[in-house]
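# Observations on chain architecture
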Amino acid sequence: MPTTLNPYLSFRDNAREAMNFYQSVFGGELTLSTFGEFQASDDPAESEKIMHGMLTTSKGMVLMGADTPNSMGYTPGASISISLSGDDEAELRGYYQKLSGDGGTVTVPMEQSPWGDIFGMCTDRFGMAWLVNVNSAQGAAGTPQG
């Protein structure tokens, strides 16, 4: 198995809701494990919180997430953006619409970018920032670095 890089999202008390939402956006198989299942917290109030969640789609996407224990600090969405890129414009626009809808916000509308691709940014209702890039024949592959 090759080395992979997967985003891992942190939440405060709503990882189950967030991971179920992402499954409704991307489809796939979702597995959730609680702190209680692994005796990973001495705090009984944390027994049903998600210690590890993993969403795996048939298209090869993997998204992981967990609740942050009460003993640790937490700032939602402060240190991560998630990039979705590819060639299927309809698929990527669909993800963008679902992520930016239902309590999410549009940061940059999906439109032609200076590098030639179709690009948009949004923040979902859980405070996560998403970059969505549709690769074009003339544009540089992937989202801009910066």
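See the structure shown above.
Here's what I pulled together on the structure shown here. Owing to the predicted nature of the structure, the values given are computational and were not obtained by experimental measurement.

### A closer look at the pairing of strand 6 (residues 105-112)
Pairing analysis gives five bridges linking strand 6 to strand 7 (residues 118-123), with the strands arranged antiparallel. Its bridge partner being in strand 7, V106 is matched across the sheet by C122. Following strand 6, the chain reverses through five residues before pairing antiparallel with strand 7; G116 in that reversal takes a positive phi of roughly 100 degrees.

### Some details on the pairing of strand 3 (residues 50-56)
Each regular strand shows side chains that alternate between the opposite faces of the sheet. Across six bridges, the pairing between strand 2 (residues 29-34) and strand 3 is antiparallel. Considered in strand 3, the bridge of T31 is made with M54. As paired strands, strand 3 and strand 4 (residues 62-67) are joined by four bridges and run antiparallel to one another. The partner of M54 across the bridge, within strand 4, is M64. What sits between strand 3 and strand 4 in their antiparallel hairpin is a turn of five residues, with G60 showing a positive phi close to 95 degrees.

### Focus on the packing of aromatic side chains
Summed over the entire model, instances satisfying the criterion amount to eight aromatic pairs. An angle of 85 degrees between the planes, with centres 6.3 Å apart, marks the rings of F11 and F126 as edge-to-face. Highlighted residues: F11 in strand 1 (residues 8-11) and F126 in the loop between strand 7 and strand 8 (129-134), separated in sequence by 115 residues. The exposure class of F11 is buried, given its relative accessible area of 1%. The buried category is assigned to F126, whose relative accessible area is 9%. Each member of the aromatic cluster is reached from another via a ring pair, and the members are F11, F21, Y22, F26, Y95, F126 and W130. Across from the ring centre of F21, 4.7 Å away, lies the NZ or CZ of R125, which sits over that ring.

### Comments concerning the pattern of salt bridges
For the coordinates displayed, the defined rule picks out five salt bridges. The residue E91 makes a salt bridge to K59 at a minimum N-O spacing of 3.0 Å. With a gap of 32 residues between them, E91 in helix 2 (residues 89-100) and K59 in the loop between strand 3 and strand 4 connect regions that are remote in the sequence. For K59, a relative accessible area of 58% translates into the label exposed.

The rules behind these values
Residues numbered from 1 in each chain as written. Predicted model: local features only at pLDDT ≥ 70, side-chain atom pairs only at ≥ 80, totals over all residues. Heavy atoms only, no water. Pairing = 2+ DSSP bridges. Helix = DSSP H or I, 4+ residues; strand = E, 2+ residues; numbered from the N terminus. Phe/Tyr/Trp six-rings, centres within 6.5 Å; stacked < 30°, edge-to-face > 60°. Buried < 20%, exposed > 50% of the residue type's maximum accessible area, 1.4 Å probe, protein only. Lys NZ or Arg CZ within 6 Å of the ring centre and 35° of its normal. Salt bridge = Lys/Arg side-chain N within 4 Å of Asp/Glu carboxyl O.

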